[in-house]
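Below, each chain spelled out in residue letters.
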Amino acid sequence: MPGLLRGVARTAVVAGTATAVSNRVSRRQQGRWAAQEAGQAPQAYQQPAYQEPPPAPSMADDTSTKIDQLKELGELKAQGVLTDAEFEEQKRRLLA
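Residues numbered from 1 in each chain as written. Predicted model: local features only at pLDDT ≥ 70, side-chain atom pairs only at ≥ 80, totals over all residues. Heavy atoms only, no water.

### Quick word on the overall build of the protein chain
To be explicit about the condition: Only DSSP runs of H or I covering at least 4 residues are called helices, and only runs of E covering at least 2 are called strands; the numbering of each starts at the N terminus. When checking whether two residues touch, look at their non-hydrogen atoms; a contact exists if any pair is within 4.5 Å. The method behind every accessible area is Shrake-Rupley, applied with a 1.4 Å probe, and residues are considered shielded solely by the protein chains displayed.
Helix and strand counts for the protein chain come out as three helices and zero strands. Walking the protein chain from its N terminus toward its C terminus, one meets helices and strands in the order α-α-α. Residue pairs at least 24 apart in sequence account for 65% of intrachain contacts in the protein chain once pairs closer than 6 positions are excluded. Total accessible area on the protein chain stands at roughly 7000 Å², and carbon and sulfur atoms take up 56% of it.

Written out as structure tokens, the structure is:
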């Protein structure tokens, strides 16, 4: 039973991280498109007007879960979805 619960928790954390990153990328892209339509410079480097969700429950603090999340963040960075600054910020939050 604990193995099943750990797997469910890991899946929830990975899905939550992927959703948060995807939403942030979508918002940033929409801002860039709006700025291009208005003839302005993109506002991609301003602080977001929303707050990040709170950290996952304590079960997500498992070392293997953190390693999996770091691998996923590394893949997103390698694909160009995350910038270096965004990668470092997400990594800092994950390891805090």
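From this point on, the discussion continues.
### A short note on helix 2 (residues 63-78)
As a reminder, the rule being used: Take the residue count of a helix, subtract one, and multiply by 1.5 Å to get its expected span. Think of it in three bands: with a 1.4 Å probe and only protein chains considered, a residue is buried below 20% of the maximum accessible area for its type, exposed above 50%, and partly exposed in between. The directions considered for the arc are those from the helix axis to the C-beta atoms.
Over its 16 residues, helix 2 runs 22 Å from end to end, which matches the ideal 22 Å to within 8%, given 1.5 Å per residue. All of the buried residues along helix 2 are Thr65, Lys66, Gln69, Glu72, Leu73 and Leu76. Axial view of helix 2: buried residues confined to an arc of 125°, hence all on one face. Seen from the buried face of helix 2, the exposed residues on the opposite side, beyond 90 degrees, are Thr63, Lys71 and Ala78. Note on helix 2: the residue one or two positions beyond its end, Gly80, has a positive phi of about 90°.

### Digging into the nonpolar core
Basically, it comes down to this: Throughout this description, the term nonpolar core refers to a set of buried Ala, Val, Leu, Ile, Met, Phe, Trp, Tyr and Cys residues connected via side-chain atoms within 4.5 Å.
Residues Val21, Leu73, Leu76, Leu82, Phe87 and Leu94 constitute the largest nonpolar core, which totals six residues. Aside from chain neighbours lying at most four places away, what touches Phe87 is Leu73, Gly74, Lys77 and Leu82.

### Regarding the environment of Lys77
Following the sequence through the fold, Lys77 ends up in helix 2. Overall, the relative accessible area of 31% leaves Lys77 in the partly exposed class. Along the backbone, Lys77 and Phe87 are 10 residues apart, and their C-alpha atoms lie at a distance of 6.6 Å. With residues up to four places along the chain from it excluded, the contact list for Lys77 reads Leu82, Asp84 and Phe87.

### Description of the pattern of salt bridges
Applicable threshold: Think of a salt bridge as a Lys or Arg side-chain nitrogen and an Asp or Glu carboxyl oxygen that are within 4 Å of each other.
Counted by the stated rule, this structure contains six salt bridges. The shortest N-O distance in the salt bridge between Asp84 and Lys77 comes to 3.3 Å. Where Lys91 meets Glu88, a salt bridge forms, and the shortest distance between an N and an O atom there is 3.4 Å. Highlighted residues: Lys91 and Glu88, both in helix 3 (residues 84-95), separated by three residues, approximately one helical turn. One network of salt bridges, in which partners are shared, links Arg24, Arg28 and Glu86.

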